[in-house]
Amino acid sequence: EPEVTQTPSHQVTQMGQEVILRCVPISNHLYFYWYRQILGQKVEFLVSFYNNEISEKSEIFDDQFSVERPDGSNFTLKIRSTKLEDSAMYFCASSRDQTYGYTFGSGTRLTVV
Amino acid sequence: GESVGLHLPTLSVQEGDNSIINCAYSNSASDYFIWYKQESGKGPQFIIDIRSNMDKRQGQRVTVLLNKTVKHLSLQIAATQPGDSAVYFCAEGFGGGADGLTFGKGTHLIIQP
């Protein structure tokens, strides 16, 4: 069964540093998403992406965040200057069409120290 | 056993029993609802969905019930198995996938032998 692949599985970074979280969506999917989950809390929507541009973003997705699809297979989330409160699991997801039936990856655990 | 997902975060049931996980959603305009299962260290996994023009939908061993009058969603799992142990999240959406899902806090389902 096709999977959404995320790397790395765990990243530790110092406060103020830039991090890039990587995702390989399912190959024939066209819609891409990032969600995050702070430990013990809800899964929260960050951003959706289609046709090489952001479709929607939440209040969490401020100027410190950016997304990119640098090639035909990768989808990245960049945090420019990490803060302690950015520590969370970050999940990538993708879908073939504009429905909610998308597939999540296993996540990247980001720890900001 | 029965729980309210937002107020009783843990539900313990005997293997083989039926379980009911409840969720109160917030947006009366939401037109799509999903139940996800999240096992430790993994991303949310789609279980079953339902659109707002329906009040019941059945899958394999699972049934979702939607009561729009009181904004209530439930997930029934028949004949629970050890592999059903996980955190279960309800999520609501409106207007198509690009807008992102709003997740509930989750209920931890524990299956006792």
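Check the entry above for the structure.
This one's a predicted model, so the numbers in the text were calculated from it and none came from an experiment.

K.L.:
Looking at this model, I keep getting lost on the overall build of chain B. Mind explaining?
P.N.:
When helices and strands are tallied, chain B shows zero helices and eleven strands. The helix and strand sequence of chain B, counted from the amino end, reads β-β-β-β-β-β-β-β-β-β-β. For 113 residues, the compact-globule estimate of 2.2 N^0.38 gives 13 Å, and chain B sits close to it at 13 Å. Dimensions along the principal axes, computed over C-alpha positions, put chain B at roughly 40 × 30 × 25 Å. Burial analysis of chain B (113 residues in total) assigns 44% to the buried set. The long-range share in chain B, meaning contacts at least 24 apart out of those at least 6 apart in sequence, stands at 50%. Carbon and sulfur atoms form 49% of the exposed surface of chain B, whose accessible area is close to 5,400 Å². Of the side chains in chain B, 9 bear a positive and 10 a negative charge, and the two mean positions are spaced by 2 Å.

K.L.:
Any chance you could explain the interface of chain B and chain A here in plain terms?
P.N.:
Each partner contributes to the interface: chain B provides 21 residues, whereas chain A provides 18 residues. In this assembly, chain B packs against chain A so that about 1,700 Å² is buried in total across both faces, 60% of it on carbon and sulfur atoms. The interface formed by chain B and chain A includes zero salt bridges. Between chain B and chain A we count two residue pairs in polar contact (both at pLDDT 80 or more) in total. Of all elements in the fold, only strand 4 (32-38) and strand 9 (86-93) of chain B reach the threshold of two or more residues within the side of chain B that touches chain A. Broken down by element, the residue count for the side of chain B that touches chain A peaks at four residues, all from strand 4 of chain B. Looking at side-chain class alone, the side of chain B that touches chain A contains nine nonpolar, nine polar and three charged residues.

K.L.:
Which parts of the structure should I look at to understand the pairing of strand 11 (residues 107-112) of chain B?
P.N.:
Across a regular strand the side chains alternate sides, sitting on one face of the sheet and then on the other. All names here are of chain B. Side-chain alternation along strand 11 places Thr107, Leu109 and Ile111 on a buried face and His108, Ile110 and Gln112 on a face that remains uncovered. As judged from the five bridges shared by strand 2 (residues 10-14) and strand 11, these two strands associate in the parallel manner. Within strand 11, the position partnered with Gln14 by the bridge is Gln112. In this structure, strand 9 lies alongside strand 11, joined through three bridges in antiparallel fashion. The residue of strand 11 that forms the bridge with Tyr88 is Thr107.

K.L.:
I tried to follow the sheet that holds strand 3 (residues 19-24) of chain A on my own but got confused; where do I start?
P.N.:
Sheet strands pair by backbone hydrogen bonding; their relative direction is either parallel or antiparallel. Residue and element names in this part refer to chain A. What the four strands build is an open sheet, ordered 1-3-8-7; its pairing is antiparallel. Each edge of the open sheet is held by one strand with a lone partner, namely strand 1 (5-7) and strand 7 (65-68). Sheet twist, expressed as the mean angle between neighbouring strand axes with direction ignored, is 20°. Bridge analysis of strand 1 against strand 3 gives three bridges, and the strand direction is antiparallel. Residue pairing for strand 3: Thr7 is matched across the bridge by Arg22.

K.L.:
Would you take a moment to explain the state of the cysteines for this structure?
P.N.:
Note on terminology: a disulfide is the covalent bond linking the sulfur atoms of two cysteines. Residue and element names in this part refer to chain A. Here the structure, examined in full by the defined rule, presents two disulfides over all chains. Through a disulfide, Cys23 is tied to Cys92; the S-S separation comes to 2.0 Å. Taking the sign of the S-S torsion, -65° for the link of Cys23 and Cys92, the bridge is left-handed. A residue pair is termed long-range when its members are at least 10 positions apart, and Cys23 in strand 3 and Cys92 in strand 9 (residues 88-95) qualify at 69 residues.

K.L.:
Whenever I open this one, the nonpolar core confuses me. Can you help?
P.N.:
A general trend in soluble globular proteins is that nonpolar side chains are found buried together. If you look at the biggest cluster of nonpolar residues, it comprises 21 residues, and the most contacted ones within it are Trp34, Leu46, Phe61, Val67, Phe75, Leu77 and Tyr90 of chain A. At the level of elements, strand 3, strand 4 (31-37), strand 5 (43-50), strand 7, strand 8 (75-79), strand 9 and strand 11 (108-112) of chain A are the ones that each hand at least two residues to this core. Those residues in contact with Leu46 of chain A that sit more than four places away from it in its chain are Trp34, Tyr35, Arg36, Glu56, Lys57, Ser58, Ile60, Phe61, Leu77 and Tyr90 of chain A. In this structure, Ile21, Trp35, Leu75 and Ile77 of chain B belong to the second largest nonpolar core, which totals 20 residues.

K.L.:
How should I be thinking about the side chain of Arg69 of chain A in this particular structure?
P.N.:
Residue and element names in this part refer to chain A. For Arg69, the location among the structural elements is in the loop between strand 7 and strand 8. For Arg69, which is buried and forms no salt bridge, the nearest opposite charge comes from Asp71, at a distance of 5.8 Å. Polar side-chain contacts of Arg69 include one of 2.7 Å to the backbone oxygen of Gly72. At a separation of 3.4 Å, a polar atom in the side chain of Arg69 contacts the main-chain carbonyl oxygen of Asn74. Among all residues touching Arg69, those that are not within four sequence positions of it are Pro25, Phe32, Phe49, Asn52, Asn74 and Phe75.

The rules behind these values
- Residues numbered from 1 in each chain as written.
- Chains lettered and ligands numbered in written order.
- Predicted model: local features only at pLDDT ≥ 70, side-chain atom pairs only at ≥ 80, totals over all residues.
- Heavy atoms only, no water.
- Helix = DSSP H or I, 4+ residues; strand = E, 2+ residues; numbered from the N terminus.
- Rg over C-alpha atoms; globule rule 2.2 N^0.38 Å.
- Buried < 20%, exposed > 50% of the residue type's maximum accessible area, 1.4 Å probe, protein only.
- Contact = heavy atoms within 4.5 Å.
- Areas by Shrake-Rupley, 256 points an atom, 1.4 Å probe, with all protein chains shown as cover.
- Lys, Arg positive; Asp, Glu negative; His and termini not counted.
- Charge placed at Lys NZ, Arg CZ, Asp CG, Glu CD.
- Buried area = accessible area lost by both parts, 1.4 Å probe.
- Salt bridge = Lys/Arg side-chain N within 4 Å of Asp/Glu carboxyl O.
- Polar contact = N/O pair within 3.5 Å; in protein donor to acceptor, adjacent residues only side chain to side chain.
- Nonpolar A, V, L, I, M, F, W, Y, C, P; charged D, E, K, R; others polar.
- Pairing = 2+ DSSP bridges.
- Axes fitted to C-alpha atoms, helices over the stretch in contact; angles between N-to-C directions.
- Disulfide = S-S within 2.5 Å.
- Core = buried A, V, L, I, M, F, W, Y, C linked by side-chain atoms within 4.5 Å.

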